[in-house]
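Topology and contacts: notes
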Amino acid sequence: MLPDMGRMIDGRWTTQWYSPDEKGRFQREATSFHDRVEKAEAGRYHLYVSLACPWAHRTLILRKLKGLEDAISVTVVDPYMGDEGWSFPEPDPVNGASYLREIYAKTKERYTGRVTVPVLWDTREGRIVNNESREIIRMFDHDFSAVAKRERDLCPEHLREQVDAEITALYEPVNNGVYRSGFATTQGAYEEAVHELFAALDAYDARLGKQRYLVGDQLTEADVCFFTTLVRFDAVYHYHFKCNVRRIRDYEHLWPYLRDIYQEPGVAETVSLDHIKQHYFRSHPTINPHGIVPVGPLLNFEEPHGRG
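Worth saying up front: this structure is predicted, and the values here are computed from it rather than measured.

1. Observations concerning the pattern of salt bridges
This structure, assessed with the given rule, holds 29 salt bridges. Among the ionic pairs, Glu-125 bridges to Arg-44, the shortest N-O distance being 3.4 Å. Separated by 81 residues along the polypeptide, Glu-125 in the loop between strand E5 (119–122) and strand E6 (127–130) and Arg-44 in the loop between strand E2 (12–14) and strand E3 (45–49) bring together distant segments of the chain. By relative accessible area, which is 39% here, Glu-125 ends up partly exposed. As a salt-bridge pair, Arg-150 and Glu-69 come within 3.9 Å of each other at their nearest N and O atoms.

2. Let's talk about the pairing of E3
Burial analysis of E3 places five of its five residues in the buried class, the great majority of the element. Side chains Tyr-45, Leu-47 and Val-49 of E3 all project onto a buried face; the interleaved residues His-46 and Tyr-48 project onto the opposite face, where all are buried too. Both E3 and strand E4 (residues 72–76) contribute to a ladder of five bridges, which runs parallel. Looking at E4, one finds that Tyr-45 is bridged to Ile-72. Across four bridges, the pairing between E3 and E5 is antiparallel. Residue Tyr-45 lies in a different strand from E5, and its bridge partner there is Asp-122.

3. Considerations on the side chain of Asp-234
Position of Asp-234 among the secondary structure elements: in helix H7 (residues 221–240). Within the local environment of Asp-234, its side chain forms a polar contact with the backbone nitrogen of Ile-248, the two atoms lying 2.7 Å apart. Engagement of the side chain of Asp-234 in a polar contact is seen with the side chain of Arg-249, the distance being 2.9 Å. Non-local contacts of Asp-234, meaning those with residues more than four positions away in its chain, are made with Tyr-239, Arg-247, Ile-248, Arg-249, Pro-297 and Leu-299.

4. A closer look at the packing of aromatic side chains
For the structure on display, the rule yields 22 aromatic pairs. Consider the rings of Tyr-45 and Phe-144, whose centres lie 5.6 Å apart with planes at 80°: the pair is edge-to-face. Separated by 99 residues along the polypeptide, Tyr-45 in strand E3 and Phe-144 in the loop between helix H3 (133–143) and helix H4 (160–175) bring together distant segments of the chain. The pair Tyr-45 / Phe-144 is uniform in exposure class, with both members buried. An aromatic cluster is present here, built from Phe-26, Trp-55, Tyr-171, Tyr-179, Phe-183, Phe-198, Phe-233, Tyr-237, Phe-241 and Tyr-280 joined pairwise through their rings.

Parameters at a glance
Residues numbered from 1 in each chain as written. Predicted model: local features only at pLDDT ≥ 70, side-chain atom pairs only at ≥ 80, totals over all residues. Heavy atoms only, no water. Salt bridge = Lys/Arg side-chain N within 4 Å of Asp/Glu carboxyl O. Helix = DSSP H or I, 4+ residues; strand = E, 2+ residues; numbered from the N terminus. Buried < 20%, exposed > 50% of the residue type's maximum accessible area, 1.4 Å probe, protein only. Pairing = 2+ DSSP bridges. Polar contact = N/O pair within 3.5 Å; in protein donor to acceptor, adjacent residues only side chain to side chain. Contact = heavy atoms within 4.5 Å. Phe/Tyr/Trp six-rings, centres within 6.5 Å; stacked < 30°, edge-to-face > 60°.

Following this line, the structure appears as structure tokens:
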């Protein structure tokens, strides 16, 4: 049996977990809400996130880099996820909800599917606009530019095809690869995922020895999507998900690349390793039954990276 996290079926909460395939491979369900913002207005939209979730973390970084803090408010769920799913440490100030699933039910009364973060909420229409991180960060990057305080484009038109290709290429072996390793239910499924993961990391390390970022010399959305997996790797995935062939600290180029992005003004403020570790090590009882949260490792993301 895998960790006890639930889903909604016809609007009712259940503790049904993801079903592995016949070979024990973890299968992630697709997100459900894919609308776009019609008109970006400051104060209209609200973001629900977990500081632990790498997908939600992407949206927090784009919000910060674009200077959207005043335009888009945020509610952070509790780091612990139990049988009731994502909960709020205090009642949600926007909808008065105690659990994130209530936000999904407000949008679609008989909703069936996972209750995930991030969630972009329209306070005027009272519904979820989007819960796909890749689409939300693109909206923050482009559609919210009129209310952004910083003029910055992390996916300029001339690089869009490359950025999209990089984000797609990262997903299966790396972003989802750590979960495919950690949530595999057979030895074969685990080894398949972990070998793909480290083959990809080895290749990225070689590439980043020749260029500063994934798409040449400019920080893009693709780097943000890579960063949120890398920054959790040594503290969580290496131990908790058995991704222990190497640490990111063992890589000649990935480790300074990670520090380079962390030291980008504003990014460090979005990282909470305590919240991250509290979530993973306490919320997966079949992987870590006693819920003990490790003290380490000691990671110095402020060490000079030498990639300027």
